[in-house]
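Spelled out from the first residue to the last, the chains are:
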Amino acid sequence: MTIKYPQKVIINEVGPRDGLQNEDQTITLEDKINLVNLLVKSGLKSIEAGSFVSPKWVPQMADSLELIHALKLHNDNDVTFSALVPNLKGLASAVKSRVPRIAIFASASETFSKKNINCSIEESLDRFTEVVLEAQQHNLQIRGYVSCAFGCPYEGEINIKNVVFVCEKLLQLGCYEVAISDTNGVGTPEQTKLIIEELSESLPIDKIAMHMHDTRGRAIENIQIALSYGISSIDASVAGLGGCPYAPGSSGNVATEDVVNLLNDLGIEHGINLQKLISTGNLISKILKRKNSANILQQAKAPFQGLLPIDSDNTDA
Ligand code: HMG
Ligand code: MG
């Protein structure tokens, strides 16, 4: 296979949603607004800020309407905010918030689908058909996720054909791209190659994005493989925040800092100021009283550690 790294990569920052949805402690609206504004200042252009799901299921996202309102008031630049939408009720809130992009999320695992959105895969695709038709009336961009593409926390192995099926369906519905999601972070480099090769039999590579949780510490290797196939849309979460409340034992998404570091190593453009991003990751980690889990901050001799102490105030971010 010929390696064809993209010249430029778009990083979809999912920390404010995928990260904060999984925190036990409450984070104030003010801290969320500050976090997203700092991410914008770091140069991120695609930010998933919240979700319009049931607050009984995910209480941490209950203030998404207020958050997105506030962000839109303060950001008139070329950043695209998005929010998860599971059904028509969620779409009505998204429309009210005036968020320009929504994300719908189906699964390649029946059990995960039931646990996460309380319906089968087929029912979810029917629901998302209605959501997409309505969203198109409001000129919203629509992104898709296919969860459990690399394995399921309940079922274990997942047939690759289910992944391809759900991915194709989401694209047929009208998603501009689908994020192939390693929900519980179990994917291996071999599996990453297999999935991408299988998907690219029927789909253009520019319709595929990667959403890799880092439970087993292999997300960066897997992302490098995806890049080598020309994939240029990568999800990441500042400071490696988060996980999914309905995927027990899963850790956060790959740290944005580590993806930027990888892109720097490969000479791929990304438009992000790593120093500001590290400061932002340190700040939110401090607020959440957790360790910043970006790997570039864990290495004893990493230059960034001396430059930006993990407990710094980061007021200049
Ligand atoms: P349900 O209980 O079957 O819904 O939940 P329902 O239609 O029967 O309604 C029950 C109640 O919820 C009603 O209220 C509805 O109004 C309300 P009540 O009459 O009892 O007071 N309700 C809502 N409220 C606000 N917003 C809504 C909404 N919908 C219904 N949109 C539902 C079905 C889909 C709503 C629920 O299962 C849910 O919200 N699930 C979301 C779970 C979630 O957010 N998971 C984490 C995000 S996915 C993820 O992290 C994976 C991803 O990162 C990719 C990867 O890593 O794999 C994307
Ligand atoms: Mg996720």
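As a convention, each chain's residues are numbered from 1 in the sequence order in which they are written. Chain letters and ligand numbers both follow the written order, the letters beginning at A and the numbers at 1. With pLDDT at 70 or above as the cut-off, local features in this predicted model cover only qualifying residues; side-chain atom pairs require 80 or more to be listed or tallied, and sums for whole chains, interfaces and linings still use all residues. Excluded from the side-chain calculations are hydrogens and water; all other atoms, namely the structure's heavy atoms, are used.

Colleague: Please clarify how the packing of helix α8 (residues 189-202) against helix α9 (residues 219-228) should be interpreted in this entry.
Modeller: Working note: a packed helix pair is described by the angle between its axes plus the distance between those axes. Two elements in contact, α8 and α9, have axes whose closest approach is 9 Å; the angle formed by their N-to-C orientations is 30°. The orientation of α8 with respect to α9, classified from their angle, is roughly parallel. Every pair of crossing elements has a handedness; the one defined by α8 and α9 is right-handed. Facing α8, whose interface residues are Pro189, Thr192, Lys193 and Ile196, α9 presents Glu221, Asn222, Ile225 and Ala226. Every axis corresponds to a line fitted to the C-alpha atoms, with the helix fit spanning only the stretch in contact, and the corresponding angles, defined between N-to-C directions, vary from 0 to 180 degrees. We count a stretch as a helix when DSSP gives it H or I for four or more residues in a row; a strand needs E for two or more, and each element gets its number in order from the N terminus. Angular relationships are summarised with four words: roughly parallel below 35 degrees, roughly antiparallel beyond 145, roughly perpendicular across 65 to 115, and oblique for the angles in between. Crossing chirality is assigned from the near helix's rotation relative to the far helix, an anticlockwise turn below a right angle marking it left-handed and a clockwise turn marking it right-handed. Any two residues whose heavy atoms approach within 4.5 Å are treated as being in contact.

Colleague: What am I meant to see in the pattern of salt bridges here?
Modeller: Side-chain pairs of opposite charge can arise where the charged atoms are in close proximity. For salt bridges, the criterion is a side-chain nitrogen of Lys or Arg within 4 Å of an Asp or Glu carboxyl oxygen. All told, the structure shown has 10 salt bridges when counted by the stated rule. Arginine 143 is paired through a salt bridge with glutamate 177; the nearest N and O atoms lie 2.8 Å apart. Taken as a pair, arginine 143 in strand β5 (residues 141-147) and glutamate 177 in strand β6 (residues 177-182) lie far apart in primary sequence, 34 residues in all. Across this residue pair, the class does not change: arginine 143 and glutamate 177 are buried. One salt bridge connects lysine 193 with glutamate 190, and the closest N-O pair in it is separated by 3.5 Å. A residue pair is termed a helical-turn pair when its members lie 3 or 4 positions apart in one helix, as lysine 193 and glutamate 190 do in helix α8 at three residues. Only protein chains enter the accessibility calculation, which uses a 1.4 Å probe. A residue is then buried if its area is under 20% of the maximum for its type, exposed if over 50%, and partly exposed in between. Judged by its relative accessible area of 31%, lysine 193 falls in the partly exposed class. When its relative accessible area of 52% is taken as the criterion, glutamate 190 is described as exposed.

Colleague: Got a minute to help me understand the confidence of the model for the chain in this structure?
Modeller: Parts of the model with low pLDDT should not have their predicted coordinates read in detail. Here the chain averages 92 in pLDDT, while 92% of its residues score no lower than 70. Per-residue confidence from the predictor is reported as pLDDT, a score between 0 and 100. Taken together, the stretch residues 305-317 has pLDDT below 50 and engages in 25 contacts with residues farther than four places along the chain or on a different chain.

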